[in-house]
Amino acid sequence: MKKQNENIVPFIATHPGEVLSDEIEARGLTEKEIAAQLRVTDAYLGLILKGEAEVTEDFAFRLEKVLGIPMRFWLTMQQNYYEDTQKIEAKTYQLAYNS
């Protein structure tokens, strides 16, 4: 039995980097400060914040330790991003070829 929301196709997919960017700003931190606390390079953090790199288990663990936001939250956001991206692409394909 399908869940009711399985057929919902979002307009955009939200990468966890967008949420992390908002969190950094809300805490009054700089990207350089949070990168140092996470023990990652500024470049790597920048890729995540731009949605060009995925939130891995290791990175999610670091976020939990530094920000106190559960690892599961970040990994679920990443999985939702993958799923939403696929749904959007499938809908776009369907619209393009069924018109």
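Quick caveat, the model's predicted, so the values are computed rather than measured.

> Sorry, what's going on with the overall build of the protein chain here?
Within the protein chain, the regular secondary structure consists of five helices and zero strands. Along the protein chain, from the amino end to the carboxyl end, the secondary structure elements read α-α-α-α-α. A buried classification covers 26% of the 99 residues belonging to the protein chain. Long-range contacts, defined here as pairs at least 24 residues apart, represent 59% of the contacts in the protein chain between residues at least 6 apart. Surface accessibility of the protein chain: about 7000 Å² in total, with carbon and sulfur atoms responsible for 53%.

> Please clarify how the nonpolar core should be interpreted in this entry.
The nonpolar side chains of soluble globular proteins are, as a tendency, buried together. Counting residues in each nonpolar core, the largest one holds 18 residues, and the members touching the most others are Leu20, Leu38, Leu45, Phe59, Leu63, Leu67 and Trp74. Broken down by secondary-structure element, the contributors of at least two residues to this core are α1 (16-26), α2 (31-38), α3 (42-49), α4 (57-67) and α5 (71-97). The biggest single contributor to this core is α4, with four residues. Setting aside chain neighbours within four positions, we find Trp74 in contact with Pro16, Val19, Leu20, Val55, Ala60, Leu63, Leu67 and Ile69.

> Got a minute to help me understand the environment of Ala60 in this structure?
As for its placement among the helices and strands, Ala60 is situated in helix α4. Measuring from C-alpha to C-alpha, the distance between Ala60 and Met71 comes to 4.8 Å, with 11 residues separating the pair along the chain. What Ala60 contacts, discounting residues up to four positions off in sequence, is Val55, Met71, Trp74 and Leu75.

> Looking at this structure, I do not really get the packing of α2 against α3. What am I missing?
The axes of two packed helices give the description: the angle between them and the distance between them. At their nearest, the axes of α2 and α3 sit 9 Å apart, and the two run at 110 degrees to each other. The orientation of α2 with respect to α3, classified from their angle, is roughly perpendicular. Along the contact surface, α2 presents Glu31, Lys32, Ile34, Ala35 and Leu38, while α3 presents Asp42, Leu45 and Leu49. Considering only residue class, the contact of α2 with α3 consists of five nonpolar, no polar and three charged.

> How should I be thinking about the packing of α1 against α3 in this particular structure?
Running from amino to carboxyl end, α1 crosses α3 at an angle of 115 degrees, the nearest separation of the two axes being 7 Å. Counting all contacts with α1, which are made through Gly17, Glu18, Leu20, Ser21 and Ile24, the residues of α3 involved are Leu45, Ile48 and Leu49. A per-class count over the contact of α1 with α3 returns five nonpolar, two polar and one charged.

> For this particular structure, what's the right way to read the packing of aromatic side chains?
The geometry of an aromatic ring pair is captured by the separation of the ring centres together with the interplanar angle, meaning the angle of the planes. Under the defined criterion, the tally for this structure stands at three aromatic pairs. With centroids separated by 5.6 Å and ring planes inclined at 80 degrees, the aromatic side chains of Tyr44 and Phe59 adopt a geometry described as edge-to-face. Of the two residues, Tyr44 sits in helix α3 while Phe59 sits in helix α4, which places them 15 residues apart along the sequence. Tyr44 sits in the partly exposed class, given a relative accessible area of 27%. Under the relative-accessibility criterion, Phe59 is labelled buried at 1%.

Parameters at a glance
- Residues numbered from 1 in each chain as written.
- Predicted model: local features only at pLDDT ≥ 70, side-chain atom pairs only at ≥ 80, totals over all residues.
- Heavy atoms only, no water.
- Helix = DSSP H or I, 4+ residues; strand = E, 2+ residues; numbered from the N terminus.
- Buried < 20%, exposed > 50% of the residue type's maximum accessible area, 1.4 Å probe, protein only.
- Contact = heavy atoms within 4.5 Å.
- Areas by Shrake-Rupley, 256 points an atom, 1.4 Å probe, with all protein chains shown as cover.
- Core = buried A, V, L, I, M, F, W, Y, C linked by side-chain atoms within 4.5 Å.
- Axes fitted to C-alpha atoms, helices over the stretch in contact; angles between N-to-C directions.
- Parallel < 35°, antiparallel > 145°, perpendicular 65-115°, else oblique.
- Nonpolar A, V, L, I, M, F, W, Y, C, P; charged D, E, K, R; others polar.
- Phe/Tyr/Trp six-rings, centres within 6.5 Å; stacked < 30°, edge-to-face > 60°.

The values are spatial; any link to function lies outside them.
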